[in-house]
Amino acid sequence: MAEYSKDEIKRIEEKWRMKWQQNGVYKTDNHSDKPKYYVLDMFPYPSGAGLHVGHPLGYIASDIVTRYKRLKGFNVLHPMGFDAFGLPAEQYAIQTGQHPRVTTEKNMATYVAQLSKIGFAFDWDRKVVTSDPSYYKWTQWIFMQLFNAWYDRTANNKVGKARPMTELVAELEKHGNKNIVAVCDDETPTITAAQWTAFNEIEKENFLQKYRIAYLAETMVNWCAALGTVLSNDEVKDGVSERGGYPVERIKMLQWNMRISAYAERLLTGLDTIDWPEPIKEMQRNWIGKSVGCELDFKLASGDDSIRVFTTRIDTIYGVTFMVIAPEHELVDKITTPAQREEVTHYVEVAKNRSERERMSEVKRISGAFTGAYVINPFNHEKVPVWIADYVLAGYGTGAVMAVPSSDTRDYAFAKHFNLPVVDVLEGPTSDITKDNFEPKSGKMINSGSLNGLPWQDAIEKALQHVETLGIGTRKVNYRMRDAIFGRQRYWGEPFPVYFDKGIPKLVDEKDLPVTLPEIDAYKPTETGEPPLGRAKGWNYKGHPYELTTMPGWAGSSWYWFRYMDPKNDKVFASKEALNYWKDVDLYIGGSEHATGHLLYSRFWCKVMKDLGYVSPEEPFKKLINQGHIQGISKLAYRINGTNKFVSYNLRKQYEVTPLHVDITFVDGDVLDVEKFRNWRDDLKNIELILEDGKYICGSEVDKMSKRYYNVVNPDDMVESYGADTLRMYEMFLGPLELSKPWNTNGIDGVFKFLRRFWNLFHDNQGNINVSDAEPSREELKVLHKTLKKIAYDIEHFSFNTSVSEFMICSNELSSMKSNKRAILEPLLITLAPFAPHIADELWEKLGHKESILYASFPQYNEEYLTESSFEYPISINGKVRVKMNFALDMPKDDIEKLVIASEVVQKWTEGKAPKKVIVVPGRIVNVVI
RNA sequence: GCCAAAGUGGCGGAAUUGGUAGACGCGCACGACUCAAAAUCGUGUACCGAAAGGUGUGUGGGUUCGAUUCCCACCUUUGGUACCA
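Predicted model, so just to flag it, every value in this text is computed and none were measured.

Student: Looking at this structure, how should I read the overall build of chain A?
Tutor: A count of helices and strands for chain A gives 29 helices and 38 strands. Looking at the 930 residues of chain A, the share that counts as buried comes to 52%. Counting only carbon and sulfur atoms, one obtains 50% of the accessible surface of chain A, whose full area is about 42900 Å². With 116 positive and 126 negative side-chain charges, chain A shows a spacing of 1 Å between the two charge centroids.

Here's what the structure looks like:
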């Protein structure tokens, strides 16, 4: 006696989750004759709020693929773990004194419990946790490899590659750095072997820092003295900290950095080799921001100095009417004339103290100051005034631009504002900057000496050659992407395996890894403004002080997919065998918000590790799918301003109201449960309600699903009410995986009914298993094979919403045929198993199988059952369907045409006249043009 | 501003190569069962129109025998980015 009822579902699902666990069915072996398939989810940060129904969306999709690939004969790796270092736990620690480890472990336990209820095929034995010392030991180890590496541009056919520092030192000892072409600090001097040898230890290390991939350097940061910490741009508002409103200043601070800029070109070209969504690739391309141009010197009109500019439009050099340099430019002080000094000093002072955020919010405001100095245009030898302005950034290019107001909108705005001359150098229909249709890359050169008459592209090449002939500059490729800051003044992160010996940063011995995070008495900066680790007692290595900052959030997530391959190994981060077997990730599912963070850093680390010979893939993630976000539907009640009255939705326009987010559990449909609402909070006890039709109707809006909006739907509740299988299928049924959509529990009934109907196919009216061994009819076979074909196609194309529809159609058809043939239901069941694993295994067992359905094979569809002999042609007249006619599929076009024209309906439309034209597309459509 | 994605019934969405727009589900309406309700099952459900018929995939144009699909211009929403020379 078994109906697919709430109790039965609970029994079935718990039974199978238990069995799967006991039998270790999700344990994945690193040795197999089967082909490998690695499915990865972006691992979560375990937040205190737990999972809401949006979180599992991607995991369900990857789980379906995992199970499908298993049935298709692959050895599939599908692991899960936690990105467990992070700010929320630390913030909580600062407020409550609770150790972030305690909070994090509690949260992870909640996540595991919630995830387990949904029936994922995770191999939990491979769980990795980034805050676990056995994991971050290897994060530290990788950091050491990056510290011990430099980027040789000449290696690997000039593509360049990372090489060990020992090789650099050997070369320095032999020849100095004159033959070294490396990615290094801009101001790295050329030295001889003798100079190198003469360096003392500190000088040597300072020199090597210019080459290391992980290096210490002074970088600009937002420093908040009151909070004793560095803030991100997000955390600074109007020059003060968002939290507390304390003053923030931009200061230079010695910080760990990652020389990701060395990999700019490979990160860019690598995008062409991977199967990722085009928008994500585009975001990364923009982030890397490659621009091809040249650098050239403009000599100062007086004195020997010259100013180097970077430009992509050397063709427009005859249009240069002024030059702008960054307020931070090193020559500002030197070239400013006495008459202009006061104004310039003042401007520099103001610009320096403006945060990037401030500069950003005032894009429209044009500001600048004249230095009093002039440079000479090397092409036409004219004198050009030099200005400073903060729209020129010190950190990009050379911190100086040759301004061409006739072909650059910013230069134009600046020229207009300060009344500087504009000289047109391009002529063409879209070359006029004062017109709306202005297109800077268009037209032919005018007013440009020997460049006159050339199209702009050709002029660039000719001007470049001229620059090279004069010896005043070179072709140059610039990237927008900067090196990444790799340190935080925080506690809850990986400690650096670095100590300082007489101020020189040194790595700890490999055998002393991991450097474990010390216990401290409070999770905030020290009184002297040092990071929290400054509080740790005895925080030193063999008597030398340890580095006090910790690694940023992205450290642990930049290599975790390798650790899953061999998570328990304590000799290496992953064994050669494991790395060789699993290689790279075949399918990665996660949100697009990580486009320029995690996804870029991971590619970077993978490339470095490849260069150093630790791994083989150039790219870590072959295919990427972005899942959209599930949004919440918030419910709103409308308070009449200044009163304790609430007005129902449709009457709200008559009053001045302020919407209040109401907990969605108080609302059924749109109707508010007034009792629950009143009891929610003290201030609502005595409210007055203005009703419509005796009810209080709530408004709705789509928001992020968040505690803040009281609109969170918990997957546990869904599993409790409908079962995990229904939840899984409903999440997929909502719409395309990559689209964001609001969660509406209302529709879930449809999926639940489908599963019950599916269940009933296997049972009689009394709930006894009832499956016939009779031969299936041709009709039944057709339904089966149509479904098999569609489901396989949909899974391969990540179109899970349409597979759920197809299952519904199939089960409706079989229901109406009263089909209960084993030959039909058994293959169908295997097809359903990736989507609804619990019910599938239960029915599989009822069909008499001893082994889980996980070990079955995905049925292959047979085209033979799908072929039709005839087709119901839609007959359209001038493109509008008017009637349908059935013809054999092998009927010649001419015959169809004759029959169609002769038909009553068509005759009516043509009024007996011959049609202008008849289009017959065999197996598709007939169109009669009249 | 720039880059990208999206816009289809009351709602979520479908239409795989330019070929029957609205599959499937929710909701709604009606019917069956029931003393009644719930549950379940069945039928119907884009819009206008009594019907014939007409209109319809954000808007306006275009290509085509035929456009949700291709092209041009525009509007709206969402995400990314930000003075990048």
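Student: Help me understand unusual backbone geometry, please; the structure alone is not making it clear to me.
Tutor: Put simply, Leu513 and Pro514 share a cis peptide bond, and its omega is -5 degrees. With respect to the helices and strands, the residue Pro514 is situated in the loop between β22 (504-507) and β23 (540-541). Of note, Phe798 is a non-glycine position whose phi angle comes to about 55 degrees, a positive value. Looking at the element boundaries, Phe798 is found in the loop between α24 (778-796) and α25 (800-817). A residue is classified by how much of its surface remains accessible, and Phe798, at 12% relative accessible area, is buried.

Student: Whenever I open this one, the protein's contact with RNA strand B confuses me. Can you help?
Tutor: Neighbouring residues of RNA strand B: 50 residues in total, closest Thr312, Tyr396, Arg410, Leu734 and Tyr793. Within 4 Å of the protein, the contacting atoms of RNA strand B are drawn from sugar and phosphate to the extent of 60%. The side chain of Arg882 places a nitrogen or oxygen atom 3.0 Å from a phosphate oxygen of RNA strand B. At six residues, the largest contribution of residues to the surface near RNA strand B is made by α25. A breakdown of the residues in the surface near RNA strand B according to their chemical character gives 22 nonpolar, twelve polar and 16 charged.

Student: Would you mind going over the packing of helix α23 (residues 748-761) against α25 with me for this structure?
Tutor: The axes of two packed helices give the description: the angle between them and the distance between them. Axis separation between α23 and α25 bottoms out at 10 Å; the angle between their running directions is 45 degrees. Relative to α25, α23 is oriented oblique. As α23 runs across α25, the sense of the crossing is left-handed. Of the residues in α25, those touching α23 at Gly750, Val751, Phe754, Arg757, Phe758 and Leu761 are Phe807, Met808, Ser811, Asn812, Leu814 and Ser815.

Student: Where do I start with helix α3 (residues 87-96) in this structure?
Tutor: An α-helical turn contains 3.6 residues, so any two residues separated by three or four positions project in the same direction. When we look at burial in α3, the residues that qualify are Ala89, Glu90 and Ala93. The buried residues of α3 occupy an angular sector of 100 degrees when the element is viewed end-on, so they sit on one face. On its buried side, α3 packs onto α4 (100-116). Following α3 by one or two positions, Gly97 has its phi on the positive side, about 80 degrees.

Student: Would you take a moment to explain the packing of aromatic side chains for this structure?
Tutor: Any two aromatic rings considered together are summarised by their centre-to-centre distance and by the angle between their planes. Counted according to the given criterion, the structure contains 71 aromatic pairs. The interplanar angle of 40 degrees and the centroid separation of 5.8 Å between the aromatic rings of Phe85 and Tyr136 together place this pair among those described as tilted. One end of the pair, Phe85, is in the loop between β2 (75-77) and α3; the other, Tyr136, is in helix α5 (residues 133-147), with 51 residues separating them in the sequence. Owing to a relative accessible area of 5%, Phe85 belongs among the buried residues under this scheme. If you follow Arg480 out to its NZ or CZ, it ends over the ring of Trp287, 5.3 Å from the centre.

Student: I would appreciate a short explanation of the sheet that holds strand β38 (residues 925-929) in the present structure.
Tutor: Paired through backbone hydrogen bonds, the strands of a sheet run either parallel or antiparallel to each other. Pairing is mixed across the open sheet formed by four strands, whose spatial order is β36-β35-β38-β37. Each having just a single partner strand, β36 (880-888) and β37 (917-921) make up the two edges of the open sheet. Direction aside, the axes of adjacent strands within the sheet are offset by 20 degrees on average. In the sheet, β37 pairs with β38 via five bridges, with the strands oriented antiparallel. If you follow Ile919 over to β38, its bridge partner there is Asn927.

Student: Looking at this structure, how should I read the domain arrangement of chain A?
Tutor: A common way to report how large an interface is uses the accessible area buried once the components associate. Under the domain assignment used here, chain A contains domain 1 (9-35 + 52-104 + 117-142 + 554-626), domain 2 (148-268 + 484-545), domain 3 (290-479), domain 4 (630-712) and domain 5 (868-929). Of note, the centres of domain 2 and domain 4, computed from C-alpha atoms alone, are 53 Å apart.

Student: Help me out: how do you make sense of a nonpolar patch on the surface in this one?
Tutor: Residues Ile919, Val921 and Ile925 make up a contiguous nonpolar surface patch of about 180 Å² in total accessible area. Residue position: Ile925 is located in strand β38. Classification of Ile925 by relative accessible area gives partly exposed; the value is 32%.

Student: Can you help me understand the sheet that holds strand β3 (residues 149-152) in this one?
Tutor: Read from one edge of the open sheet, three strands run β4-β3-β5, paired in antiparallel fashion. Bordering the open sheet on either side are β4 (161-164) and β5 (182-183), each of which pairs with just one other strand. Pairing of β3 with β4 involves four bridges; the strand directions are antiparallel. Each bridged residue has a counterpart across the sheet, and for Ala149 the counterpart in β4 is Pro164. Against the sheet, helix α6 (residues 165-175) contacts β3 and β4, and its axis sits at roughly 75 degrees relative to β4.

Student: What is the right way to read the UniProt feature "binding site: ATP" (unreviewed entry) in chain A from this model?
Tutor: As annotated in UniProt, the feature "binding site: ATP" (unreviewed entry) corresponds to Lys707 in the numbering used here. The exposure class of Lys707 is exposed, given its relative accessible area of 60%.

Rules of the game
- Residues numbered from 1 in each chain as written.
- Chains lettered and ligands numbered in written order.
- Predicted model: local features only at pLDDT ≥ 70, side-chain atom pairs only at ≥ 80, totals over all residues.
- Heavy atoms only, no water.
- Helix = DSSP H or I, 4+ residues; strand = E, 2+ residues; numbered from the N terminus.
- Buried < 20%, exposed > 50% of the residue type's maximum accessible area, 1.4 Å probe, protein only.
- Areas by Shrake-Rupley, 256 points an atom, 1.4 Å probe, with all protein chains shown as cover.
- Lys, Arg positive; Asp, Glu negative; His and termini not counted.
- Charge placed at Lys NZ, Arg CZ, Asp CG, Glu CD.
- Near = heavy atom within 4 Å.
- Polar contact = N/O pair within 3.5 Å; in protein donor to acceptor, adjacent residues only side chain to side chain.
- Nonpolar A, V, L, I, M, F, W, Y, C, P; charged D, E, K, R; others polar.
- Axes fitted to C-alpha atoms, helices over the stretch in contact; angles between N-to-C directions.
- Parallel < 35°, antiparallel > 145°, perpendicular 65-115°, else oblique.
- Left-handed = near helix turned anticlockwise from the far one by under 90°.
- Contact = heavy atoms within 4.5 Å.
- Arc of directions from axis to C-beta.
- Phe/Tyr/Trp six-rings, centres within 6.5 Å; stacked < 30°, edge-to-face > 60°.
- Lys NZ or Arg CZ within 6 Å of the ring centre and 35° of its normal.
- Pairing = 2+ DSSP bridges.
- Domains from an automatic or database assignment.
- Patch = residues over 30% accessible without salt bridge, like charges linked within 9 Å, V, L, I, M, F, W, Y side chains within 5 Å.
- Salt bridge = Lys/Arg side-chain N within 4 Å of Asp/Glu carboxyl O.
- UniProt positions renumbered as here; feature names shortened; annotations may be inferred.

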